[in-house]
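Okay, here's what each chain looks like letter by letter:
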Amino acid sequence: MEPELIIKSIMGLVAILAVLIFFLFFESGRRSKAQKKLDDDNAVEEIKPDLISLKNIIKNKKTDEKRLGETLDLIIKYYGVIDKKAGIRPHPNFDIYADILSTICKHPNTNKNIIIKFDRELEKLNTEYKKEINEAIARGLNSRGT
């Protein structure tokens, strides 16, 4: 083979390789920008957790203190307002909150700050349920034992 033909072949292959590398980086750059936009859209859209799954996190005895506080913050954020009383009787949905309050008091990884914070925020949002909230906390603390 002639050396001139070999040199032209190598230069041709280098040119093709350069074009392929260019497309590789160009395409990955476009994909990452599209992925970033998708991530930004997902960050703006917040998923509202359901009350039952949050309640199950609280009922799990292995839930640590930090996760417990975060879960209670989500409950206040999304489900903090309890339905109005039916006369003098609490709304049937209050039983869920009473169960949550009782469970928090008995949870092995809870502390007074978590209980007091949740109690105050729930009472602030539901002033007509102050008595019932205090009773639920008292039941939970009394059932805790020593």
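I will try to describe carefully the structure that is included in this document. For clarity, every value in this text was computed on a predicted model and none was experimentally measured.

Basis of the calculations
- Residues numbered from 1 in each chain as written.
- Predicted model: local features only at pLDDT ≥ 70, side-chain atom pairs only at ≥ 80, totals over all residues.
- Heavy atoms only, no water.
- Helix = DSSP H or I, 4+ residues; strand = E, 2+ residues; numbered from the N terminus.
- Buried < 20%, exposed > 50% of the residue type's maximum accessible area, 1.4 Å probe, protein only.
- Lys, Arg positive; Asp, Glu negative; His and termini not counted.
- Salt bridge = Lys/Arg side-chain N within 4 Å of Asp/Glu carboxyl O.
- Contact = heavy atoms within 4.5 Å.
- Axes fitted to C-alpha atoms, helices over the stretch in contact; angles between N-to-C directions.
- Parallel < 35°, antiparallel > 145°, perpendicular 65-115°, else oblique.
- Left-handed = near helix turned anticlockwise from the far one by under 90°.
- Nonpolar A, V, L, I, M, F, W, Y, C, P; charged D, E, K, R; others polar.
- Arc of directions from axis to C-beta.
- Core = buried A, V, L, I, M, F, W, Y, C linked by side-chain atoms within 4.5 Å.

Next up on the list: the side chain of Glu123. One can find Glu123 in helix 5 (residues 112-125). Buried charged residue Glu123 carries no salt bridge. Nearest counter-charge: Lys130, at 4.9 Å. In contact with Glu123, other than residues within four places in its own chain, are Lys130, Ile133 and Asn134.

Another aspect to go through is the packing of helix 5 against helix 6 (residues 130-144). A pair of packed helices is captured by two measures, namely the crossing angle of their axes and the spacing between those axes. Contact pair helix 5 / helix 6: the axes reach a minimum separation of 10 Å and the direction vectors enclose 160 degrees. One element, helix 5, and the other, helix 6, form an angle in the roughly antiparallel class. The interaxial crossing formed by helix 5 with helix 6 has right-handed handedness. Packed against helix 5, whose contacting residues are Ile115, Asp119, Leu122 and Glu123, the element helix 6 presents Lys130, Ile133, Asn134, Ile137, Leu141 and Arg144 at the interface. Grouping the amino acids of the contact of helix 5 with helix 6 by side-chain chemistry returns five nonpolar, one polar and four charged.

In the structure shown here, the tally under the stated rule is five salt bridges. Among the ionic pairs, Lys8 bridges to Glu4, the shortest N-O distance being 3.5 Å. Of this pair, Lys8 and Glu4 both sit in helix 1 (residues 3-44), four residues apart, roughly one helical turn. Each member of the salt-bridge network shares a partner with another, and the members are Lys55, Lys59 and Asp99.

On to helix 2 (residues 51-59). All of the buried residues along helix 2 are Leu51, Leu54, Lys55, Ile57 and Ile58. End-on view of helix 2: buried residues confined to an arc of 155 degrees, all on one side of the axis. Looking at the buried side of helix 2, the elements it contacts are helix 3 (65-79) and helix 4 (94-106).

Ranked by size, the top nonpolar core spans 25 residues in total, and within it Leu72, Ile75, Ile100, Ile104, Phe118 and Leu122 carry the most contacts. Mapped by element, the contributors of at least two residues to this core are helix 2, helix 3, helix 4, helix 5 and helix 6. Top contributing element to this core by residue count: helix 4, with seven residues.

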